[in-house]
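Here is what each chain is made of, one letter per residue.
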Amino acid sequence: MGYWILKSDPESYDWDSLEKDKTTVWDGVRNYQARINLNAMKKNDKALIYHSNSDKAIIGTAKITKEAFPDKTSTDEGWVAVEITVGTKLNKPVALSQIKANIMLKDIGLVRNSRLSVIPLTEQEYEIITEMGS
DNA sequence: GCCAACGTTGGC
DNA sequence: GCCAACGTTGGC
């Protein structure tokens, strides 16, 4: 079982859109490191949805429902997308500042490399964040 | 193959 | 709106 953070700019696609759609194709990733992570995802892996820019907080959970397949939004070979299904919204969003303040979460990619849009987590880190949001 | 210049992202 | 960090591009 893998755990991930999926980062999205709420101006382009936000949590409410995901709740409405129920299922969406997570495409448009054009970063090599993020692509490696997408390819590593397995069906039923869990993900956290993070809003960058205006919100800077983790909003809710999602589940990987389809493993990496070619990204139709690109004509270049090699880029991939996954399909995710909405999970549950956290009772309160977990702000980036809270994550930074938590010593247990010091090393996650969200803090270390703020530009990476698909970030791997350990099970423990996933639990800590969802706990903080409950 | 190195590195400077440039573009983009995202936190502040 | 600014700037730091990172990625990419292109000249050499």
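Residues numbered from 1 in each chain as written. Chains lettered and ligands numbered in written order. Predicted model: local features only at pLDDT ≥ 70, side-chain atom pairs only at ≥ 80, totals over all residues. Heavy atoms only, no water.

Colleague: Can you help me understand the protein's contact with DNA strand B in this one?
Modeller: The environment of DNA strand B is made up of Lys7, Tyr50, Ser52, Asn53, Lys56, Leu96, Lys100, Ser114 and Arg115. Take the atoms of DNA strand B that sit within 4 Å of the protein: sugar and phosphate atoms are 74% of them. Residue Arg115 places a side-chain N or O atom 2.9 Å away from a base oxygen belonging to DNA strand B. Within the surface near DNA strand B, the residues separate by chemical class into two nonpolar, three polar and four charged. (Near = heavy atom within 4 Å. Polar contact = N/O pair within 3.5 Å; in protein donor to acceptor, adjacent residues only side chain to side chain. Nonpolar A, V, L, I, M, F, W, Y, C, P; charged D, E, K, R; others polar.)

Colleague: Hey, could you run me through the protein's contact with DNA strand C in this one?
Modeller: For DNA strand C, the full set of nearby residues is Asn31, Asn113 and Arg115. Counting only atoms of DNA strand C within 4 Å of the protein, the fraction found in sugar and phosphate groups is 40%. Between DNA strand C and Arg115 there is a distance of 2.7 Å, counted from a base oxygen to a side-chain nitrogen or oxygen.

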